[in-house]
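# Examining the three-dimensional arrangement
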Amino acid sequence: MSRQRAAQLEYSEFQSAMLDEEKRRRKAAKIIAVLGHFLGAEDPDRPLAGLTVADIGCSAGFIADELARAGASRTFGVDIDVPGLRKAAERFGERVEFVCADGGALPFPDGSIDVLVFNHIYEHVVDPDAVIKDMHRVLADDGVLYLGLGNRLGVMEPHYKLPFLSYLPPAAADRYVRAFGRADNYYERFRTRGGLRRMLRDFHVWDYTFPVLASPERFAGGELFPGAVGRAAKGTLERAPRSALKALLPIVPTYLWVATRRPRRPRGPVLPQPPEPVRTP
């Protein structure tokens, strides 16, 4: 067993953010709003009505619980984090079916899942390409995959809050986190935007990063822009030429993408900064 995989088995035990219920439910609201816009959901309170949904990397289950509350007919939470799954099953087991399974060998038949959520997980797994491949297998032909993807070239590393940490080779990154007392080793492995595009080569992808930033109230992310400075930033994003925003794409810290097996277009209302397709190799 590799060092990285051993660390992930009890991830919620050493990453307290996974147990921050308020923050996780806010993330879920954003995920559901993006999915609702892409799907063109008519009922904003039940945008996933009648769908079979799976949260891959669910940990303590807060996001999976919100997916169930959004109307899903059947909801699964999948992880290898046994302590997290135990907490999740105790609280949400009546609404969500929790499964201990590797993301590269999902326990679902081909084409059986309508909506998959893979939110800020790929950097933690040993073989993200294998996970993406198996999600492609289980996703329905008209299904939708939500992806929250950290960027290696984002300046501030999101887990340990150390600048340029993800830029470093593994040995140097290990020394960096130890020097600041954040961890014994740095296990996360981020990819650049180009690497993420290659990882999603078998999907058709739409980028919701700028739509969410420019219309945070529409995507349950009003807290992204607090106060007068935030309102000014929001207004700038709404009016900025898309060409100028695209120049920032290589260093945007997080990408919000929606992927499908077959070509589909977002069905929601027009936005100040609309989603755009991502070219995959």
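Just so we're clear, the structure is a prediction, and the values are computed from it rather than from any experiment.

About the cut-offs
Residues numbered from 1 in each chain as written. Predicted model: local features only at pLDDT ≥ 70, side-chain atom pairs only at ≥ 80, totals over all residues. Heavy atoms only, no water. Salt bridge = Lys/Arg side-chain N within 4 Å of Asp/Glu carboxyl O. Helix = DSSP H or I, 4+ residues; strand = E, 2+ residues; numbered from the N terminus. Pairing = 2+ DSSP bridges. Phe/Tyr/Trp six-rings, centres within 6.5 Å; stacked < 30°, edge-to-face > 60°. Buried < 20%, exposed > 50% of the residue type's maximum accessible area, 1.4 Å probe, protein only. Lys NZ or Arg CZ within 6 Å of the ring centre and 35° of its normal.

## Points about the pattern of salt bridges
- Tallying each qualifying case throughout the model produces 15 salt bridges.
- One salt bridge in this structure joins Arg25 and Glu66, with 2.5 Å as the shortest N-O distance. Separated by 41 residues along the polypeptide, Arg25 in helix α3 (residues 21-39) and Glu66 in helix α4 (residues 62-69) bring together distant segments of the chain.
- The salt bridge involving Glu276 is made with Lys246; its shortest N-O contact spans 3.2 Å. With Glu276 in strand β8 (residues 276-278) and Lys246 in helix α11 (residues 242-248), this pair connects stretches of sequence that are 30 residues apart.

## What about the pairing of strand β6 (residues 204-207)?
- Across four bridges, β6 lies against strand β7 (residues 254-260) in antiparallel orientation. Residue pairing in the sheet places His204 in a bridge with Thr260 of β7.
- Relative to β8, β6 runs antiparallel, the two being bridged by three bridges. The residue bridging Val205 from the neighbouring strand is Val278, located in β8.

## Topic: the packing of aromatic side chains
- Per the stated rule, a full pass over the model turns up eight aromatic pairs.
- A ring pair is formed by Phe76 and Phe108, whose centres lie 4.8 Å apart and whose planes are at 55°; its orientation type is tilted. Of this pair, Phe76 sits in strand β2 (residues 74-79) while Phe108 sits in the loop between β3 (97-100) and β4 (113-119), and the two are 32 residues apart along the sequence.
- Residue classification places Phe76 among the buried positions, given a relative accessible area of 8%.
- Assessed through its relative accessible area of 7%, Phe108 is described here as buried.
- Its end group placed over the ring of Tyr255, Arg193 keeps NZ or CZ at 5.1 Å from the ring centre.
- Taking NZ or CZ as reference, Arg218 lies 5.3 Å from the ring centre of Phe219, over its face.

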